[in-house]
Each structure stands twice: as structure tokens, then as C-alpha cells.
Amino acid sequence: MAELFSSRVIKSAKEGPQGLIIAGVHGDEYEPVLAVLELMNQLEGKLASGSVTLVPITNRNAYFSAARVGEDHLDLARTCPGNANGSITEQVAVEISEMIKKADFFIDMHTGGDLFDISPLSGYMLHPNSKVLETQRAMAEAFNLPIVWGTSPELEGRTLSVARDANVPAIYSEYRGAGFHSEGVNDLVEGCKNVLQYFGMLSDQKCQVKPKVKIEDDKPGSGHLQVMHPAPEEGIFLPSVDLGDLVTKGDKLGCLLRENGEKGAEIPAQQSGMVFLKRAVPMAKAGEALAGILPVNKKVYDEK
Ligand SMILES: [Zn+2]
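Residues numbered from 1 in each chain as written. Predicted model: local features only at pLDDT ≥ 70, side-chain atom pairs only at ≥ 80, totals over all residues. Heavy atoms only, no water.

Undergrad: Explain the side chain of His110 here, please?
TA: Among the structural elements, His110 can be located in the loop between β4 (105-109) and β5 (116-118). Under the relative-accessibility criterion, His110 is labelled buried at 8%. There is a polar contact of 3.2 Å between the side chain of His110 and the side chain of Glu29. Excluding its chain neighbours within four sequence positions, the residues that come into contact with His110 are Val25, His26, Glu29, Pro32, Ser173, Glu174 and Tyr175. (Helix = DSSP H or I, 4+ residues; strand = E, 2+ residues; numbered from the N terminus. Buried < 20%, exposed > 50% of the residue type's maximum accessible area, 1.4 Å probe, protein only. Polar contact = N/O pair within 3.5 Å; in protein donor to acceptor, adjacent residues only side chain to side chain. Contact = heavy atoms within 4.5 Å.)

Here it is, written out as C-alpha cells:
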């Protein structure tokens, strides 16, 4: 088992870019783990140039806790670049950060985990270096999920923050959550292979380009999912929308039910657009995210 989940470097005899593809930064996100294992099978002996390092489970401690975070309760995606003398997650952060700095490009795959259901998307930071930004836009588009999302570059602690500081072109992906979505594994495998094709590392990848929307938002904190539509009070969140629904600012996204059975706050949409994130664990504490909306005026994803 340990060996199956170890990282692997797949090399071509021909010189070329050195890519890094990882999953399992959070321990409750499974489709990306299976996608990386499948890439190990599919890419062996197939690269036209360069090399790709595949890491199926980045935070093993969180994975074996079947939770977003491990025993030290630190979120690896808020801990980079880490501390070599720190706790287990801080040490893993150092290790993965060093790998990211050495890479020519980087893909970090996620899902909403236990807590959120998220429309499939690929994202990148609006990098100040225009060459890096252009490469990231092209990678995110090649990844071929319904939403391509560029957000403010100032968020810290992420793997993508490490890549940003090292000028390594990087994207991340989100794919559902709140249960297992088997179709996600193949979509993620194809997405990674499309990016390898973009870098000239695969030659026979046949990509059927899917319709998608591209959004760029440079407002500070724009990519921070955990703060969207925060619960105004503690309660059970009863959503009245599905992923992919189009809403108008002020529409009801759901309401909270108090522990004594009373109806609590209604949650109005803060902007018009498409619901792309929905809380999956009903119990919410005050301040926790309930839903997210992207400024999209056509339905590009349907959860059913
Ligand atoms: Zn994650």
C-alpha cells in the first residue's frame, strides 16, 4: 500500500519541461488521488519529452485521518512554505514547497472535501509577471473543465503562493466534493494530459474542447472559498439552490434553522451569477461559508 501511494517520476529520454502534479494536499479529497494513480499507469513510457513528478497523496497524515487536516490540525494549504523544525504538516509544507520551486510547471488538484460541493473548475492567480500569467491562463484553459477562474494573487500559505513567488506557472483544480464522483477521475486525468500536451510532452492526446466560461477577478481575497456567504449565526443550513443554478442578487440561497427549531437567517445572494459552491455539511457555525456565486450569466454546469 505504501508503495502504491508513493510519488513517482516519469521521464522521457528527450529533454524537456519538468512538471509536478499533486493531489491529497487535503486528506478528504479522493478523485484527484485516483487521477494521479491513473496518470502513473497511463504516462509510463508515453512522454514525448521532459519529465513529470506525480504525488498522489501530499499530506499523508491528513489522508490517513480521512480529514482535511492531520493530527496537528494545520491546513497544508495555509502552511506553505512551512518550517523544517515544525509539526508534521509544517514539514510536509517544506518538502512540497521545495519540489514546487524546482518545477517548470505545477498542477495542484482538489475537491470540496467533506465540507463543500464545488462546480468543476481550474484556477490560477493573476500573476504580476505577464509571461507566467499567460502560461497559467493557457494551462487552466487546456485543463478543460467548465469554469476557468483567475483570482487575486495575494493569498498566502498555499502551494500556489510558493509557485507564484518562484515564478513557476501553476494552476489548481476543484471537482465536486461531498461524496465521490467517479466521472471526476477521468476528467482530471484528461485535464492533466491536456496540459502535458500544451507543454509538448504528449503528442497523441485527443482533446475535445468543451464549452467553458472564463472569469478573472482581481479583488483582494477573490479566490478564498471559505469566506463566501458566511453564516450570520449558527444553525443548520437548508439550501434552496443547486450547483449551476443562475441567481439574481438578493435571491434566497437558503436559510438557517436554529437548534430550538426556529427559523433563523435567510441567506440572500450577494451578487448575480451561477452557484458554484454549496455547503454540504448542514451544521454551520457563525462565519462559516454557506455558498459561492461566480459572475456568470449562462449555465455552464449542472450537478444532475
Ligand atoms: Zn483541497
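Undergrad: Looking at this structure, I do not really get the pattern of salt bridges. What am I missing?
TA: When charged atoms on two side chains of opposite charge get close, those side chains can pair. Applying the stated criterion to the full structure yields 18 salt bridges. Residue Arg137 is joined to Glu134 by a salt bridge in which the shortest nitrogen-to-oxygen separation is 2.5 Å. Separated by three residues within a single helix, Arg137 and Glu134 lie in helix α4 (residues 130-142), roughly one turn from each other. By relative accessible area, which is 27% here, Arg137 ends up partly exposed. The partner of Arg279 in a salt bridge is Glu288, and the shortest N-O contact between them spans 2.9 Å. Owing to a relative accessible area of 31%, Glu288 belongs among the partly exposed residues under this scheme. Residues joined by salt bridges that share partners form a network here, namely Glu134, Arg137 and Glu216. (Salt bridge = Lys/Arg side-chain N within 4 Å of Asp/Glu carboxyl O.)

Undergrad: Sorry, what's going on with the domain arrangement of the chain here?
TA: Accessible area lost upon the coming together of the parts serves often as the stated size of an interface. In terms of domain boundaries, the chain breaks down into domain 1 (8-217) and domain 2 (228-294). Here the C-alpha centre of domain 2 lies 28 Å away from the C-alpha centre of domain 1. Carbon and sulfur atoms supply 76% of the area buried between domain 1 and domain 2, which totals about 980 Å² over both sides. Counting across the interface, domain 1 meets domain 2 through zero salt bridges. (Domains from an automatic or database assignment. Buried area = accessible area lost by both parts, 1.4 Å probe.)

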